[in-house]
Amino acid sequence: MEGPFRIEDIIKEEKLRNIFNQVFDHRAVEAIHKLANDGFIDCLEHIISTGKEAHVYRAVDKAGNARAVKIYKIETSYFKNMRAYIEGDLRFKHIGHDKQDIIYQWTRKEYKNLEKFTEAEVRVPMPYAFNLNVLVMEFIGNKEAAPLLKEAPIDDLDFLYSNLVEQLAKMIYKAKLVHADLSEYNILNFHNEPVIIDCGQAVLLSHPNAKEFFERDLQNLANYFTKQGLEKTPEEMKADIKALKGKV
Ligand SMILES: Nc1ncnc2c1ncn2[C@@H]1O[C@H](COP(=O)(O)OP(=O)(O)OP(=O)(O)O)[C@@H](O)[C@H]1O
Ligand SMILES: [Mg+2]
């Protein structure tokens, strides 16, 4: 990119740019600038999701690959809650009290978690880069983003169950992380295969609340399967995960 940076070059559509400008400050623009200079972002095409914590955009990089760009809001009402998932994580010892700082750490944490999960062969979006509150990752979908499991159930429940049990075993035994917000709201259905997203809150097994978070994940998934017609209990899921110890 040559000459002075203009957000107009990255977000070409005026309506989209207006939304962006209402939610994000000049530092987010600088972060995008840096990522654009490094080739990770060429253009933000449209918004996939405008949540309480973040906006997610479909983007393309310099080489024309589809990317998902997640930009965390600084003025999030959840930043106090975020501290609970950062404190107690040995990777993030020096966490400040500043809202902005917490969000930047959170973005870095999501990137690192995605990296660990990818190394452990858990099916998550591959992370490519981050800067400040902006995270660039693999886009899960074709033209449109893949739907949530909540909206688009996977037909073969037995397949889904064994797939998720294996992913959970890889999370625990290989990545040594607990996702901590697992449910049908954070799993995408991509061509009838589950892809796990939203990994910012994942914590190391050594986190003081790791066990509680893991139990909650199991409960959410057991509820989901039972609702769909495949009756499961958290205890059963845990036993099936444990049976994979040393095998994943
Ligand atoms: N890599 C991706 N590829 C395609 N779509 C994605 C990707 N990551 C996120 N999305 C879409 O964006 C939505 C929000 O993402 P995510 O769950 O990571 O954010 P969130 O923290 O839950 O946001 P909030 O809680 O503020 O809504 C997802 O439900 C999904 O539809
Ligand atoms: Mg989510």
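Report follows, based on the coordinates.

## What to know about the packing of aromatic side chains
Argument step 1. The tally for this structure, following the rule as stated, stands at six aromatic pairs.
Argument step 2. Taken together, a centroid distance of 4.7 Å and an interplanar angle of 15° make the contact between Tyr-85 and Phe-213 stacked. Of the two residues, Tyr-85 is situated in helix α4 (residues 79–86) and Phe-213 in helix α7 (residues 210–228); the sequence distance between them amounts to 128 residues.
Argument step 3. Using a relative accessible area of 11% as the deciding quantity, one classes Tyr-85 as buried.
Argument step 4. Ring geometry for Tyr-111 against Phe-130: centres 4.9 Å apart, planes inclined by 45°, an arrangement best described as tilted. Here Tyr-111 is found in helix α5 (residues 99–119), whereas its partner Phe-130 is found in strand β4 (residues 127–131), with 19 residues between them in sequence.
Argument step 5. Accessibility expressed as a relative area gives 28% for Phe-130, which makes it partly exposed.
Argument step 6. Put simply, the rings of Tyr-85, Trp-106 and Phe-213 pair up and form one aromatic cluster.

## Here we look at the layout of surface pockets
Argument step 1. As a volume, the largest pocket reaches approximately 1,000 Å³.
Argument step 2. If you list the elements that add at least two residues to the lining of the largest pocket, you get β1 (43–50), β2 (54–60), β3 (66–72), α4, α5, β5 (134–138) and α7.
Argument step 3. Of the residues assigned to the lining of the largest pocket, the class counts are 21 nonpolar, six polar and nine charged.

## Concerning the coordination of the magnesium ion (ligand 2)
Argument step 1. Ligation of the magnesium ion (ligand 2) by protein atoms is provided by Asn-186 (OD1) and Asp-198 (OD), these donors lying 2.2 Å from the ion. Of this pair, Asn-186 sits in the loop between β6 (177–178) and β7 (187–190) while Asp-198 sits in the loop between β8 (193–196) and β9 (203–204), and the two are twelve residues apart along the sequence.
Argument step 2. Given the relative accessible area of 8%, Asn-186 is considered buried.

## Points about the site of ligand 1
Argument step 1. Around ligand 1 lies a shell of 19 residues, among which Lys-52, Glu-53, Lys-70, Glu-138 and Asp-198 are the nearest.
Argument step 2. Lys-52 places a main-chain nitrogen or oxygen 2.9 Å from an oxygen atom of ligand 1.
Argument step 3. Relative to its unbound accessible area of 610 Å², ligand 1 is 85% covered by the protein chains.
Argument step 4. Because more than half of its atoms lie within 2 Å of the grid, ligand 1 is assigned to the largest pocket.
Argument step 5. Sorting the residues of the shell around ligand 1 by element identifies β1, β2, β3 and β5 as the ones contributing at least two each.

## Observations concerning helix α3 (residues 26–37)
Argument step 1. For α3, with twelve residues, the first-to-last C-alpha span of 16 Å sits near the 16 Å given by 1.5 Å per residue.
Argument step 2. Every buried residue of α3 is accounted for by Ala-28, Val-29, Ala-31, Ile-32, Leu-35 and Ala-36. Buried residues of α3, viewed axially, fall in a sector of 160°; they line one side.
Argument step 3. Its buried side turned inward, α3 meets α1 (7–10), α2 (14–23), β1, β3, β4 and β5.

## Focus: the pattern of salt bridges
Argument step 1. One pass over the structure, following the stated rule, counts 17 salt bridges.
Argument step 2. Across the salt bridge formed by Lys-70 and Asp-198, the nearest N and O atoms sit 3.1 Å from each other. In this pair, Lys-70 sits in strand β3 while Asp-198 sits in the loop between β8 and β9, placing the two residues 128 residues apart along the sequence.
Argument step 3. Under the relative-accessibility criterion, Lys-70 is labelled buried at 8%.
Argument step 4. Salt bridges sharing partners connect three or more residues here, namely Lys-70, Glu-110 and Asp-198.

How each quantity is defined
- Residues numbered from 1 in each chain as written.
- Chains lettered and ligands numbered in written order.
- Predicted model: local features only at pLDDT ≥ 70, side-chain atom pairs only at ≥ 80, totals over all residues.
- Heavy atoms only, no water.
- Phe/Tyr/Trp six-rings, centres within 6.5 Å; stacked < 30°, edge-to-face > 60°.
- Helix = DSSP H or I, 4+ residues; strand = E, 2+ residues; numbered from the N terminus.
- Buried < 20%, exposed > 50% of the residue type's maximum accessible area, 1.4 Å probe, protein only.
- 1 Å grid on protein atoms, 1.4 Å probe; cavity = no way out; pocket = protein on both sides within 12 Å on 5 of 7 lines; lining within 4 Å.
- Points joined across faces, edges and corners; volume = space filled by probe spheres on them.
- Nonpolar A, V, L, I, M, F, W, Y, C, P; charged D, E, K, R; others polar.
- Donors = N, O, S within 2.8 Å, 3.2 Å for Na, K, Ca; no water.
- Near = heavy atom within 4 Å.
- Polar contact = N/O pair within 3.5 Å; in protein donor to acceptor, adjacent residues only side chain to side chain.
- Areas by Shrake-Rupley, 256 points an atom, 1.4 Å probe, with all protein chains shown as cover.
- Sits in = over half its atoms within 2 Å of the grid points.
- Expected span 1.5 Å × (residues − 1).
- Arc of directions from axis to C-beta.
- Contact = heavy atoms within 4.5 Å.
- Salt bridge = Lys/Arg side-chain N within 4 Å of Asp/Glu carboxyl O.

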